[in-house]
2 protein chains.
Amino acid sequence: MTSPFVSDIPAEQARRAWRDACAAAGCPPRVDAVVLPVGEAVGRVTAESVWARRSSPAFDSAAMDGIAVRSAETVGAAETTPVLLDDFAVVDTGDPLPGGYDAVVMREHVHHTPDGRAELRAAVPPYQHVRSIGEDISATELLLPEGHRLRPVDVAACAAAGVVELLVRRKPRVVIIPTGDEIRPVGTELGPGEIADTNSMMLAAQAAEIGCDARTTGIVADDPDLITAAVRDAAGDADLVILIAGSSAGRDDYTARVVAAAGALAVHGVAVRPGHPVVLGTVAGDPATPILGAPGYPVSAALTFDIFAAPMLAALEGASPRERPTTTARLARKLASAIGSDDWVRVRLGRVGGDVVATPLPRAAGVLTSLVRADGLLVVPAGVEGHHAGEQVRVELLRGLADVERTIVAIGSHDLVLDVAASALRAADPLITLASSNVGSLGGLVALRDGLCHVAGSHLLDPATGEYTLPYLDRIFGPHADLAVVRLVHRDQGLLVAPGNPLGLTGIADLTRPDLRYVNRQRGAGTRVLLDHELGKRGIDPTTISGYSREEHTHLGVAAAVAAGRADTGLGIQAAARAFGLDFVPVAREPYDLVLRAAGLDDEVLAPLWALLEQHDFRNEVEKLGGYSCAETGRRIR
Amino acid sequence: MTSPFVSDIPAEQARRAWRDACAAAGCPPRVDAVVLPVGEAVGRVTAESVWARRSSPAFDSAAMDGIAVRSAETVGAAETTPVLLDDFAVVDTGDPLPGGYDAVVMREHVHHTPDGRAELRAAVPPYQHVRSIGEDISATELLLPEGHRLRPVDVAACAAAGVVELLVRRKPRVVIIPTGDEIRPVGTELGPGEIADTNSMMLAAQAAEIGCDARTTGIVADDPDLITAAVRDAAGDADLVILIAGSSAGRDDYTARVVAAAGALAVHGVAVRPGHPVVLGTVAGDPATPILGAPGYPVSAALTFDIFAAPMLAALEGASPRERPTTTARLARKLASAIGSDDWVRVRLGRVGGDVVATPLPRAAGVLTSLVRADGLLVVPAGVEGHHAGEQVRVELLRGLADVERTIVAIGSHDLVLDVAASALRAADPLITLASSNVGSLGGLVALRDGLCHVAGSHLLDPATGEYTLPYLDRIFGPHADLAVVRLVHRDQGLLVAPGNPLGLTGIADLTRPDLRYVNRQRGAGTRVLLDHELGKRGIDPTTISGYSREEHTHLGVAAAVAAGRADTGLGIQAAARAFGLDFVPVAREPYDLVLRAAGLDDEVLAPLWALLEQHDFRNEVEKLGGYSCAETGRRIR
């Protein structure tokens, strides 16, 4: 049987189609209501409006420390004609007003005479400094409407109003079904081609995070009958079933047909990227149950939950879905987006100069770290082709803006020392983040010129002078730019080779060997420039190197390719070789510098970084990585 | 002994003094670290940086549905010179790339010949549509820094990187000690002068909300020795002790001296309102424990937690405190604020026209409902005297802006029908809120004129014409304002009297009886105007009515005063009499109307309200309240 066609319905239309399908199939519009003691109802949603049973406060009380008096007896009191009271009562704030008294005089305004009387030098109006019964809550007034998610202050107010039990919606139950022959439980050793079931853990946590009970079934093999059985079984005690993977249209993608068989298929495919191959439908039963088929790519799975599962679960509670705060930010670079789909772009945020700057992160649906590192989500609507660099865009915040304010934005060449620094800075102060985007040395300098980062990590060799970085600054920033350059480290660059160096590589000259598969860094990367320089010195034509055109964006990417046997060697830093247990054939020692606007030297956001570079522990940790020298770390070279 | 002087230290300075005192006393800077399975670590904070143990994906895989090929064998393929492959493998997205193959061709670009070969009409570069090993995570790279609060995506990424256990900070333990002779557990019958212990419930919920374990001890009497013992005992297994009430300087306020005795008193009194009488200090022990003395007024207690406890608890976890999203809003009315204290003003928000409008709510520290009803918090810093009406202010959001967008802002006269409508609207659609502020008919019309509300509830009698509301519109809005007036109800106004009408009141004429204590509505209230009109008709001088100057702001307020015996009678609606089991002596039947800008009739925010007014169930519910007629409900009278 061929799988159904994957369509491209806009998200909002898909949500509506799903809601309608649920109504048609007879899914309950709301989860059951339960009675809870008010103290246990926080986070739940009211299933009926709440009316005050009694007034609060329930009695008149003193609003000040002082004495309770009869206002009538104070008539005529003045500086020149003080009134002496025999009849009064000392009260503190909150004390019930003793019977017969109708006003309170502040302690400061009472003079107690030796014979125990109270002297007043001003008349007192009735109910002065009296906290009236019902000041906070009047019996029978509306306290909370139906469909209100209870917060701590809400339950406290209910209790104060004599409401000690509340009728609320129980937590929605979500049952998650992981599928796939290649999927293994988290924590088990993985064989070749096997994948850990991280999606179930993530989706269950997402459901718990918005106040649902989540349960994950065992992993089900790619067999439509087994999956159908699992779905029917799960639907039995679920308010929402989430079926992971198999939602596309490949040979082993059974979700759509399983849903069609077990109930009704409402939507297959939405105009959202990542997350396009989504299945929405219902599982027949008494009652029927909504089911979501989530894509297997982790980012798609996570976003699919936010876009489709969360609103459905909020509706089942009869509450409005939680929303993320938003902010406006300047886009760090041009962002292209295909027409026809909402494009959910993960962005990194930082305040550079006056602006919050948003740097797009990798967009592949498989790159979960792009969501981990994201400070926000930028949605490019289906009808928009993208945004220009510097354009103001609206961003959904995944991290507090206060954190963003203290983020050091580093764009440029990748070096592990930046990771070590990021970790050390955070350990010293949880409020500090060092966020580095790896676009190569050249890209970093351009980003700095455009005001999109605080520092640019660079190790750009100028073949003409043999100098690093400095010669490029005038070209990129113009002759009069007020820049500072601070040395981070010296580091060894060399050929990363398999353990034992099986091909016996000795240096750059060997790269032309026909049997050799090279893996390169992207254009604009300092390591790429270094390679070209070394080739030039030897008059080697790059095109004679097989794999010269294959590009990785980080040292670790190159190391991973060699470690996996996809390449025999690539130029990179020794720390990357160590990380993957590779051998290392030194080629050159180079400086790695941080370029910044000179004003940045006094920028309080950067101060912790400069302090760190002076610390011996940090320098030792860096040199322990191997292939690094901190002899000049922290030195300003321009 | 006299209690220590209550000072007025700025909040930030107080937080610092507390931190320093904790350090000096030897309080642990962080709670212990514990190892948790990655799936159970969501919400916790990392106690060390997390590095990837393996790459993800761990193998090259197909990024498309199609066939895996050897790129070398496709060289030269073109429209005119197709290449026929015998050797290929069908793959789906996510499948491992079978050995020997180095690229994937999308299904759509492959033509399968009858003899089972694959025909390609374009050459394929190596690694086309191949998802490379480590695309997401490279072994050994920094995944998460220390001090990071784990979200669902974070733990999923950790699991994908082979990190199945995490070293995280355990939940901080908060022990809450309620004190006070008059305090009783929530749910017990309250005797005269007794108060339910709602603060413990609220503070425990606030602590749980930010990821702490919270425990509440029994209620401790106002006895310094008992309180000291309770504090010492609680500190034994707490990371933070919160002592409720007694933090001021009254005769029974022992908190400050108790803290001084049990450890060290760092701060007594902060420049924050509400919340001024705060005690910050430490409890001696091994180790010492921070202690917060919270005021007994509920709003003060809630804000004190946000301002002092939350940052302390976040620091103990080594994380940055959660922050609330903010927005800018236009202030609905002038806001005065005393110099010298940060003024935490609760505001209601709604979008009227283009602006988000913030309406300040009652500011008394005892009015918890002001926090329940608040959509946001507006902090007027100690150095600022307040804000003008219409001024743009920054507001911390307590509710999502999307909710605010759908809020119907009603300002004006109070009527229970608005409460019923608010409840019915929310029940029909959780996204709709009807927020009504009670400032009297006149105040409502002025607010409407100034663009601060959608509708103004009014029942203003024009004594000259005997007409309601309409005659006032030209005076307030000018002759050419494009206004609409929609009738909400007719309702009976009358004298609210104790059950059985013990004083045998028959009508307005009786109000001059010397033995009678009247309770009035505030100036600008339609009911006040009605009274003056009725008095005028009879030539009665208001000053001859004892209590004429005592003002309540709602019908329920008047009813509460009569029910409590603080007054013998007041003019109000029958529904309020019923609410408090009072008798009712009819005086007049009057219309109660909603005034709005004519454009509002087509405003989608208001549409649900107009629809509601047409519903029979709603009208029946209203008339069941008593003293209402819905004969003209929904009719447009201008």
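About the thresholds
Here the residue index of a chain counts from 1 through its sequence in written order. Ligands are numbered from 1 and chains lettered from A, in the order in which they are written. Per-residue local features of the predicted model are confined to residues with pLDDT of at least 70, and side-chain atom pairs are confined, for both listing and counting, to 80 or more; whole-chain, interface and lining totals are unaffected and use all residues. Heavy atoms from the whole structure form the basis of all side-chain values; hydrogens and water molecules are not counted. By definition in these notes, contact holds between two residues if any of their heavy atoms fall within 4.5 Å. When two parts are brought into contact, each loses some accessible area as probed by a 1.4 Å sphere; the total of that loss over both is the buried area. For salt bridges, the criterion is a side-chain nitrogen of Lys or Arg within 4 Å of an Asp or Glu carboxyl oxygen. In protein, a polar contact means a hydrogen-donor-capable atom and an acceptor-capable atom, both N or O and within 3.5 Å, with residues adjacent in sequence counting only if both atoms are side-chain atoms; elsewhere, any N or O pair within 3.5 Å suffices. Going along the chain from the N terminus, every DSSP run of H or I of four or more residues is numbered as a helix, and every run of E of two or more is numbered as a strand. Residues are grouped as follows: nonpolar covers Ala, Val, Leu, Ile, Met, Phe, Trp, Tyr, Cys and Pro; charged covers Asp, Glu, Lys and Arg; every other residue, Gly included, is treated as polar. All copies are superposed by least squares; the fitting set is the C-alpha atoms of residues with a pLDDT of at least 70 in both. Relative accessible area decides the class of each residue, using a 1.4 Å probe on protein chains only: under 20% of the type maximum gives buried, over 50% gives exposed, and in between gives partly exposed. In this analysis, the expected span of each helix is defined as 1.5 Å times one less than the number of residues it contains. Across the chain, bend at a residue is computed as the angle between axes fitted to the seven residues ending at that point and the seven starting from it. Among buried residues, the Ala, Val, Leu, Ile, Met, Phe, Trp, Tyr and Cys ones that are joined through side-chain atoms within 4.5 Å form a nonpolar core. Should DSSP find at least two bridges between two strands, the strands are taken to pair. For helices, the fitted line uses only the C-alpha atoms of the stretch in contact; every axis is such a line through C-alpha atoms, and the angle between N-to-C directions lies from 0 to 180 degrees. Roughly parallel refers to an angle under 35 degrees, roughly antiparallel to one over 145, roughly perpendicular to one between 65 and 115, and oblique to any angle outside these ranges. Helix crossings are classified by the rotation of the near helix relative to the far one: an anticlockwise turn of less than a right angle makes the crossing left-handed, while a clockwise turn makes it right-handed. UniProt positions are given in the numbering used here, feature names are shortened, and annotations may be inferred rather than shown by experiment. For each domain, the first and last residues come from an automatic or database assignment.

S.K.: Which residues make up the interface of chain B and chain A, and what are the values?
M.R.: Residue-level contacts link 101 residues of chain B with 104 residues of chain A. Both faces combined, the contact of chain B with chain A buries some 7,900 Å², and carbon together with sulfur accounts for 60% of it. For the pair chain B and chain A, the interface holds four salt bridges. For Glu141 of chain B, the salt bridge goes to Arg373 of chain A, with nearest N and O atoms at 3.2 Å. Where chain B packs against chain A, one counts 24 residue pairs in polar contact (both at pLDDT 80 or more). It is helix H2 (residues 152-160) of chain B that provides the largest number of residues to the side of chain B that touches chain A, a total of eight residues. Classifying every residue of the side of chain B that touches chain A gives 55 nonpolar, 21 polar and 25 charged.

S.K.: Can you explain the relation of the copies chain B and chain A? Please cite residues and give values.
M.R.: Aligned on chain A, chain B shows an RMSD of 0.2 Å; the corresponding rotation is 180° and the shift along the axis is 0.0 Å. On the angle and the small slide along the axis, the relation comes out as a two-fold axis. Judged by C-alpha distance, Pro325 of chain B is the residue of chain B that lies nearest the rotation axis, at 2.9 Å. A symmetric contact is evident, with 100% of the interface residues of chain B recurring at the interface of chain A.

S.K.: I'd like a rundown of the pattern of salt bridges, residues and numbers included.
M.R.: All names here are of chain B. Following the criterion strictly, the structure yields 81 salt bridges over all chains and no others. With a closest N to O distance of 3.0 Å, Glu12 and Arg15 form a salt bridge. Separated by three residues within a single helix, Glu12 and Arg15 lie in helix H1 (residues 11-25), roughly one turn from each other. Glu12 sits in the partly exposed class, given a relative accessible area of 36%. Linking Arg487 and Glu632 is a salt bridge whose minimum nitrogen-to-oxygen distance equals 2.7 Å.

S.K.: Can you explain helix H6 (residues 298-317) of chain A? Please cite residues and give values.
M.R.: Residue and element names in this part refer to chain A. Helix length check: H6, at 20 residues, gives a terminal C-alpha distance of 27 Å against a target of 28 Å (1.5 Å per residue), a fit within 8%. Bending of H6 peaks at approximately 40° at the position of Phe305. For H6, the tally of buried residues reaches 17 of 20 residues, placing the bulk of the element in the interior. Gly318 occupies a position one or two residues after H6 and carries a positive phi of about 70°.

S.K.: Now, about the nonpolar core: what can you tell me, with residues and values included?
M.R.: With 65 residues, the main nonpolar core has Ile242, Phe305 and Phe308 of chain A together with Leu166 of chain B as its most contacted residues. Considering every element that reaches this core, the biggest residue donor is H6 of chain A, with 12 residues. Those residues in contact with Leu166 of chain B that sit more than four places away from it in its chain are Val34, Val35, Leu36, Val38, Ala41, Val50, Leu150 and Cys158 of chain B. Grouped together as the second largest cluster of nonpolar side chains are 64 residues, Val163 and Leu166 of chain A together with Phe308 and Leu377 of chain B included.

S.K.: Give a detailed account of the pairing of strand S18 (residues 240-244) of chain B, specifying residues and quantitative values.
M.R.: Residues and elements named next belong to chain B. The buried fraction of S18 amounts to five of the five residues, a majority that puts the element mostly inside the structure. Residues Leu240, Ile242 and Ile244 point to one face of S18 and Val241 and Leu243 to the other, with burial holding for every one of them. Judged from the five bridges that link them, strand S14 (residues 173-178) and S18 form a sheet pairing that is parallel. Bridge pairing in S18 links Ile177 to Leu243.

S.K.: Can you explain the packing of H1 of chain B against helix H6 (residues 298-317) of chain B? Please cite residues and give values.
M.R.: Residues and elements named next belong to chain B. Where H1 meets H6, the axes come as close as 11 Å, and the angle between the chain directions of the two elements is 40°. The pairing of H1 with H6 is recorded here as oblique in orientation. Classified by chirality, the crossing of H6 by H1 is right-handed. Each of Ala11, Ala14, Arg15, Trp18 and Cys22 in H1 lies in contact with H6, whose residues at this interface are Ile307, Phe308, Pro311 and Met312.

S.K.: Summarise the UniProt feature "domain: MoaB/Mog" (unreviewed entry) in chain A; cite the residues concerned and give the values.
M.R.: In this structure's numbering, the residues bearing the UniProt feature "domain: MoaB/Mog" (unreviewed entry) are residues 175-315 of chain A. For residues 175-315 of chain A, helix accounts for 35% and strand for 26%, while the C-alpha atoms at its two ends are 17 Å apart.

S.K.: Describe the domain arrangement of chain A, and please don't skip the residues or the numbers.
M.R.: Under the domain assignment, chain A is made up of domain 1 (11-30 + 172-317), domain 2 (33-57 + 135-169), domain 3 (61-131) and domain 4 (441-636). When each unit is reduced to the centre of its C-alpha atoms, the spacing between domain 3 of chain A and domain 4 of chain A is 81 Å.

S.K.: Give a detailed account of the pairing of strand S25 (residues 342-352) of chain A, specifying residues and quantitative values.
M.R.: Every regular strand shows the same layout, with side chains that alternate between the two sheet faces. All names here are of chain A. With 10 of 11 residues buried, S25 is to be regarded as a mostly interior element. Judged from the two bridges that link them, strand S20 (residues 272-273) and S25 form a sheet pairing that is parallel. Note on S25: the bridge partner recorded for Val272 is Asp342. Where S25 meets strand S27 (residues 376-380), five bridges bridge the pair, whose relative direction is antiparallel. Paired with Val347 across the strands is Gly376, a residue of S27. Sheet topology places S25 next to strand S26 (residues 355-360); six bridges connect them, and they run antiparallel.

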